[in-house]
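Letter by letter, the chains look like this.
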Amino acid sequence: MVEPIRVVLDADELPKSWYNLPADLPEPLPPPLDPERREPIGPEALEPIFPKELIRQEVSRERFLPIPEEVREAYLLLNRPSPLQRAHRLERYLRTPARIYFKREDLSPTGSHKSNTAFAQAYYNRREGTERLVTETGAGQWGTALALAAKQFGLACTVFMVRASYDQKPYRRVVMNLYGAEVTPSPSERTEFGRGLLARQPDHPGSLGIAISEALEHALGSPGTKYALGSVLNHVLLHQSVIGLEAQRQFEKIDVRPDYIIGCVGGGSNFAGFAYPFLGERLRSGRGEDGPQFLAVEPVDIPSMTRGRYEYDFGDSAQRTPLLKMYTLGSSFVPSPIHAGGLRYHGAAPSLSALVDRGLVRAIAVGEAESFEAGRIFAATEGIVPAPESNHAVRAAIDLAIAAKRSGEPTTIAFNLSGGGLLDLAGYAEHLRDAPTLEAAAGPVAVRA
Ligand SMILES: *Cc1c(COP(=O)(O)O)cnc(C)c1O
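Residues numbered from 1 in each chain as written. Predicted model: local features only at pLDDT ≥ 70, side-chain atom pairs only at ≥ 80, totals over all residues. Heavy atoms only, no water.

A.B. asks: Please provide a residue-by-residue account of the side chain of Ser-351, values included.
C.D. replies: Here Ser-351 lies in helix α13 (residues 350–357). Excluding its chain neighbours within four sequence positions, the residues that come into contact with Ser-351 are Leu-29, Asn-234, Leu-237 and Tyr-276. (Helix = DSSP H or I, 4+ residues; strand = E, 2+ residues; numbered from the N terminus. Contact = heavy atoms within 4.5 Å.)

A.B. asks: Could you give an account of the nonpolar core, naming the residues involved and the relevant values?
C.D. replies: Residues Trp-18, Tyr-75, Tyr-227, Phe-271, Tyr-276, Leu-352 and Val-361 are the most contacted members of the largest nonpolar core, which totals 87 residues. Examining the composition of this core, we find that 8 residues originate from one element, helix α10 (residues 234–253), more than from any other. Counting contributing residues per domain, this core is built from domain 1 (75–111 + 235–448) and domain 2 (113–232), each supplying no fewer than three. Once you skip the residues sitting within four places of it in the chain, Tyr-75 turns out to touch Leu-14, Trp-18, Ile-67, Arg-80, Asn-116, Phe-119, His-239 and Val-242. In this structure, Ile-338, Leu-343, Ala-397 and Phe-415 belong to the second largest nonpolar core, which totals 32 residues. (Core = buried A, V, L, I, M, F, W, Y, C linked by side-chain atoms within 4.5 Å. Buried < 20%, exposed > 50% of the residue type's maximum accessible area, 1.4 Å probe, protein only. Domains from an automatic or database assignment.)

A.B. asks: Explain the packing of helix α14 (residues 368–382) against helix α15 (residues 391–407) residue by residue, including any values.
C.D. replies: In contact at an axis separation of 8 Å, α14 and α15 are set at 80 degrees when each is read in the N-to-C sense. By the angle between their directions, the pair α14 and α15 is classed as roughly perpendicular. Judged by residue contacts, Glu-370, Ser-371, Phe-372, Glu-373, Ala-374, Gly-375, Ile-377 and Phe-378 of α14 engage Asn-391, His-392, Val-394, Arg-395 and Ile-398 from α15. Each residue belonging to the contact of α14 with α15 can be placed in one class, and the counts come to 6 nonpolar, 4 polar and 3 charged. (Axes fitted to C-alpha atoms, helices over the stretch in contact; angles between N-to-C directions. Parallel < 35°, antiparallel > 145°, perpendicular 65-115°, else oblique. Nonpolar A, V, L, I, M, F, W, Y, C, P; charged D, E, K, R; others polar.)

A.B. asks: Which residues make up the pairing of strand β5 (residues 99–104), and what values go with them?
C.D. replies: Burial within β5 is extensive, with 5 of its 6 residues counted as buried. Across 3 bridges, strand β4 (residues 84–86) lies against β5 in antiparallel orientation. Bridge pairing links Gln-85 to Phe-102 in β5. In this sheet, strand β15 (residues 412–417) lies alongside β5 in parallel orientation, the contact comprising 6 bridges. Within the sheet, the bridge partner assigned to Arg-104 lies in β15 and is Leu-417. (Pairing = 2+ DSSP bridges.)

A.B. asks: Quick one: what's the story with the site of the ligand, residue by residue and with numbers?
C.D. replies: Contacts to the ligand come from 18 residues, most closely from Lys-114, Ser-231, Gly-266, Ser-269 and Ser-418. Between an oxygen atom of the ligand and a main-chain N or O atom of Gly-267, the distance comes to 3.1 Å. In this structure, Gly-268 approaches the ligand through a main-chain N or O atom, which is 2.8 Å from an oxygen atom. Burial of the ligand by the protein amounts to 98% of the accessible area it has alone, namely 380 Å². Taken together, the residues of the shell around the ligand break down into 4 nonpolar, 12 polar and 2 charged. (Near = heavy atom within 4 Å. Polar contact = N/O pair within 3.5 Å; in protein donor to acceptor, adjacent residues only side chain to side chain. Areas by Shrake-Rupley, 256 points an atom, 1.4 Å probe, with all protein chains shown as cover.)

A.B. asks: Please give an account of the sheet that holds strand β14 (residues 362–366) that cites residues and values.
C.D. replies: Here we have 7 strands laid out as an open sheet, ordered β1-β4-β5-β15-β10-β11-β14, and mixed in their pairing. Each edge of the open sheet carries a strand with a single partner, namely β1 (6–7) and β14. Relative to strand β11 (residues 293–299), strand β10 (residues 260–264) runs parallel, the two being bridged by 5 bridges. Within β11, the position partnered with Tyr-260 by the bridge is Gln-293. Against the sheet, α10 engages β1, β4, β5 and β15, with an angle of about 140 degrees to β5.

A.B. asks: Mind laying out the sheet that holds strand β8 (residues 182–186), listing which residues take part and the relevant values?
C.D. replies: Within a sheet, each strand pairs with its neighbour through backbone hydrogen bonds, oriented either parallel or antiparallel. Read from one edge of the open sheet, 4 strands run β8-β7-β6-β9, paired in parallel fashion. Of all the strands in the sheet, the pair left with one neighbour each is β8 and β9 (225–227). The sheet shows a mean angle of 25 degrees between the axes of neighbouring strands, taken without regard to direction. Where strand β6 (residues 132–137) lies against strand β7 (residues 156–162), 6 bridges are found, and the strand directions are parallel. Bridge assignment links Thr-137 to a residue of β7, and that residue is Met-161. Packing of helix α5 (residues 141–152) onto the sheet brings it into contact with β6 and β7, and relative to β6 it is tilted by some 165 degrees.

A.B. asks: Please set out the domain arrangement of the protein chain residue by residue, giving values where relevant.
C.D. replies: Partitioning the protein chain into domains gives domain 1 (75–111 + 235–448) and domain 2 (113–232). In this structure, domain 1 and domain 2 have C-alpha centres spaced 25 Å apart. Domain 1 puts 34 residues into the contact, and the matching count from domain 2 is 30 residues. Buried surface at the junction of domain 1 and domain 2, summed over both partners, amounts to about 2,500 Å²; 58% is from carbon and sulfur atoms. It is Thr-110, Arg-320 and Leu-423 in domain 1 that bury the most area against domain 2; as a group they hold 23% of the surface buried on that side. For the pair domain 1 and domain 2, the interface holds 1 salt bridge. (Buried area = accessible area lost by both parts, 1.4 Å probe. Salt bridge = Lys/Arg side-chain N within 4 Å of Asp/Glu carboxyl O.)

Right, here's the structure in full:
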C-alpha cells in the first residue's frame, strides 16, 4: 500500500477562531507612540486609515477571536485547510534520521500566505462601508493577495507598485489586473508626494517606503477609501494564525510533536501565523525548555533581528507612521536588492521582536546563495519550487536535518512553505548560472527505496 505523504483536514475542520498571542504574553506589548509627543496613540488616530474592527483586533488581548463565517467560506477558495506535508524525498536525499514536515501556503491561488489576511481585511472593510482599498506592493505578492480579496468582497482596489518592480516584474501586475485591481507605478503623478519626487527625478525607481507614503496619502484624501497593510501589525499576524492552528490539529492527528518550528521573516506574519499557536501553548503551560524550539529566519542582507536594535522606530521609510517598538535597522535603511523581495523590510513585527528579546524565539540569518541552493534541492527532491522568501526557511530546515544526521537524533522539523516561486524564476536563473550543478555538489537526487 502507498502511504500518504499529506495530513489533510476537512472543510469543517477549518478553525473557527484566530489565535491572538498577546493574550498569553506575561505583559502587554509596548504600545505604538505618536512620533511628536512620544505618547501612546489612541485607537481613534487610526480610524481614518483602518476599519474599526481591525483596530479593535489590533489592541485586543482576547485569546481567540471568531473567524466570520463568510471569511471561513472564502478561505476554501484559498485551498484551506492547507495540507501538512512530509518531505520524505528530501529526507532520503539528505540521508537524515530527521523527519521534515512543511505547511503548504504555496497552494493559495495567489501563491502565498498573504491572502489569509487580505480576505479578512477586505471582509471587515466591506462590512463597515469601505468602497476601495489602497495599498503598496514591492515584488507583488501582497498586491496580488489584496487584489483578489477586494474583488471577492466587492471592493475596488488600487495598488501602488514600486516602479522598478513594475517595469521588471510585469507578470504579477498582469495577475493583479486580471483580479480587477488598478496598478500604478510609484512614484506616481497621483499624489503630491509622488509628483514632488518625479519633478526632481522623472525616472525615479521608487521604493517600498515611497509606495507606502503614496498609498496612505491617496487613502486619506479619497472618500470611501481605506488602506491595507500586509504584515507587521498585530491584526495581520492574528489572521495568519489560521496556519498554525491547522498545523497543530494536523500534528495531533498523526500524534507527532515537532521539535523545531521554522519560518522566514520579512515583517513576521507568516512566521507568526505558523508559530504563535504552538508558542501560546507553551506560554500557557509554563513549560520552560520543554516543547519545540522556534526559529525565525531572515536574510543576511537585511538582518533586523540578528543585527538590529530593539527600539522605537517608524514603520515606514517616509517616517509618517506611529513609532513601533521593534528590532530595526533604522527606517532609513536601504535594503540591498535581493530576490526575496518580501523580506526587504527594515524591522520585524513588534510582537515577534518582543519574543526574540525574551529569548522565546531564536533569530538566525541565511545568505542569498545558500537559500537559493536550498530551494534548488527542495525543487529537485519534492518537485515544488519555493518562493525565494520561503527558501530561507527551507535552508534552516535542511541545516537542522544535516545536524541531526551527525548526532543521530530523530529530530522532527516543521517549516512553513510561505509561498511558491514560479513567478520568481529570474532569481533561480541567476543562481543556476553561478552555482555548480546539484549532481556535482552532492550526488544525484535519487530516491532510494
Ligand atoms: C511577503 C512574503 C514573506 C514575508 O512576509 P512576512 O510578513 O514576514 O511573512 C514571506 N514569504 C512570502 C512567500 C511572501 O510573499
